[in-house]
Amino acid sequence: MQAIDSKNRHLPNRLGIKGWVWAGRYTWERYLYTLHRLTGLGLLLFITIHLCINGARIGGESTWADVMDIFETPAFKVGEYLVIAAFIFHAINGGRLILQHLAYTLGKPKAPVYPYVDAMRQKRRFMWAVLFVIVVLAIYSLVLFVI
Amino acid sequence: MKETRLKILQYVSGIALFVIAGGHMLYSHFSNSDITSWSSIADRAASNWWLVFYVLLLIFGLYHGLHGLRTIILEYFSISDSSVKVLDYIFVIAGLAILGYGTYIPVEAL
């Protein structure tokens, strides 16, 4: 496998931005890749807005109270939950990516004897487990959020 | 800094954020105390432990977020090495500026 250093960093991204919508034969992992990027960009945007809002503290107690009143509306409550759901997805899926990049979930190497056990199927079992944890945590936090 | 080191730092900051940002989320959204009240934020701004907590959150969050944005840009746009250097400088300056502003807020509000 070719190492990506400064001289050959620009390997072609064959699907490009279109791959965010249609992943072709890459299937599930590619959609998780898209969601990881979308949630990451969303959380980065949220951090920026969060810091701007924090700046209202400099205006004193009344300015702070005025700004906080805006966030009591239902639309912002929905937005607040979306941030929590994005964080859950990004954190758990990020854990999966770290483990896979460090090769912890690929299984031990075996002789290529039929029926083959390839690394992709090993990963996929782990991916379903990760998706299950994400869904459970998202539903649990929704219940806590609503109550 | 080599790409591998930047990537390892991305993993380290991700793991740190799992703990720190996860704690921040739990405390902010699921605790019963009124954490957006003026007295609550003034109490936390006066505590050195909370300041360390929030500054660490800011450092790890900014590194992780800006490096992630850099990764996406490099994945989809074929840009020269010299342009990557310019991009890196922009990200470092932007990160330090946001870190400075984010740290200044609680200090100024005391």
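Residues numbered from 1 in each chain as written. Chains lettered and ligands numbered in written order. Predicted model: local features only at pLDDT ≥ 70, side-chain atom pairs only at ≥ 80, totals over all residues.

Novice: Please provide a residue-by-residue account of the overall build of chain B, values included.
Specialist: From N to C terminus, chain B includes four helices and zero strands. For chain B, the sequential pattern of α-helices and β-strands runs α-α-α-α. For 110 residues, the compact-globule estimate of 2.2 N^0.38 gives 13 Å, and chain B exceeds it by more than 25% at 17 Å. Its C-alpha atoms give chain B principal-axis dimensions of roughly 50 × 25 × 20 Å. Here chain B holds 110 residues, and 15% of them are scored as buried. At a minimum sequence separation of 6, the contacts of chain B that also span at least 24 residues come to 81%. (Helix = DSSP H or I, 4+ residues; strand = E, 2+ residues; numbered from the N terminus. Rg over C-alpha atoms; globule rule 2.2 N^0.38 Å. Buried ≥ 20, exposed ≤ 12 C-beta atoms within 10 Å, placed from the backbone. Contact = placed C-beta atoms within 7 Å.)

Novice: Which residues make up the overall build of chain A, and what values do they have?
Specialist: Of the regular secondary structure elements, chain A holds four helices and zero strands. When the elements of chain A are put in sequence order from the N terminus, they spell out α-α-α-α. Counting across all 147 residues of chain A, residues that qualify as buried make up 12%. Sequence separation of at least 24 residues holds for 57% of the intrachain contacts in chain A that already meet a minimum separation of 6.

Novice: Describe in detail the confidence of the model for chain B, supporting the description with residues and values.
Specialist: Considering every residue of chain B, the mean pLDDT works out to 89; 97% of them sit at 70 or more. Predicted complex metrics record ipTM = 0.90 and pTM = 0.86. (pLDDT = per-residue confidence, 0-100.)

Novice: Account for the interface of chain B and chain A, naming residues and giving values.
Specialist: If you look at the interface, chain B gives 28 residues, while chain A gives 30 residues. Every element with two or more residues in the side of chain B that touches chain A is listed here: helix H1 (3-30), helix H2 (38-46), helix H3 (48-76) and helix H4 (81-109) of chain B. When residues of the side of chain B that touches chain A are assigned to their parent elements, the largest contribution, nine residues, is made by H1 of chain B. Class assignment of the residues belonging to the side of chain B that touches chain A gives a composition of 15 nonpolar, nine polar and four charged. (Nonpolar A, V, L, I, M, F, W, Y, C, P; charged D, E, K, R; others polar.)

Novice: A description of unusual backbone geometry should follow, citing residues and the corresponding values.
Specialist: At Ala103 of chain A, a position not held by glycine, the phi torsion is positive, near 70 degrees. Tracing the backbone through its elements, the reader meets Ala103 of chain A in the loop between helix H3 (74-101) and helix H4 (119-146).

Novice: Tell me about the nonpolar core, residues and numbers included.
Specialist: Judged by nonpolar contacts, the single largest core of 15 residues is most densely connected at Phe87, Ile88 and Ile134 of chain A. Contributing elements (two or more residues each) for this core: helix H1 (27-54), H3 and H4 of chain A together with H1 and H3 of chain B. No other element matches H3 of chain A, which puts five residues into this core. When neighbours within four sequence positions are excluded, Ile134 of chain A is seen to be in contact with Ile88, Phe89, Ile92 and Asn93 of chain A. (Core = buried A, V, L, I, M, F, W, Y, C linked by C-beta atoms within 7 Å.)

Novice: Would you mind going over the packing of H1 of chain A against H3 of chain B in detail, with residue names and values included?
Specialist: Between H1 of chain A and H3 of chain B, whose axes approach to 10 Å, the crossing angle comes to 135 degrees. Our classification of the angle between H1 of chain A and H3 of chain B gives oblique. Remark: the crossing between H1 of chain A and H3 of chain B carries left-handed chirality. Contact with H1 of chain A, carried on its side by Arg37, Gly40, Leu43, Leu44 and Ile47 of chain A, involves Gly61, Gly65, Gly68, Leu69 and Ile72 of chain B of H3 of chain B and no other residues of that element. For the contact of H1 of chain A with H3 of chain B, the class distribution of residues is five nonpolar, four polar and one charged. (Axes fitted to C-alpha atoms, helices over the stretch in contact; angles between N-to-C directions. Parallel < 35°, antiparallel > 145°, perpendicular 65-115°, else oblique. Left-handed = near helix turned anticlockwise from the far one by under 90°.)

Novice: Just give me the short version of the environment of Trp20 of chain A, but keep the residues and values in it.
Specialist: Residues and elements named next belong to chain A. Examined against the element boundaries, Trp20 turns out to sit in the segment before H1. We classify Trp20 as partly exposed; it has 16 C-beta atoms within 10 Å. Residues Trp20 and Phe89, spaced 69 residues apart in sequence, show a C-alpha to C-alpha distance of 17 Å.

Novice: Tell me about the packing of H3 of chain A against H1 of chain B, and please be specific about residues and values.
Specialist: The interhelical angle for the contact between H3 of chain A and H1 of chain B, taken along N-to-C directions, is 150 degrees, at an axis separation of 11 Å. One way to sum up the angle between H3 of chain A and H1 of chain B is to call them roughly antiparallel. The crossing of H3 of chain A and H1 of chain B is left-handed. Contacts between H3 of chain A and H1 of chain B pair Glu80, Ile84, Phe87, Ala91, Gly94 and Ile98 of chain A from the former with Tyr11, Gly14, Phe18, Ala21, Gly22, Met25 and His29 of chain B from the latter. Its residues assigned to classes, the contact of H3 of chain A with H1 of chain B shows eight nonpolar, four polar and one charged.

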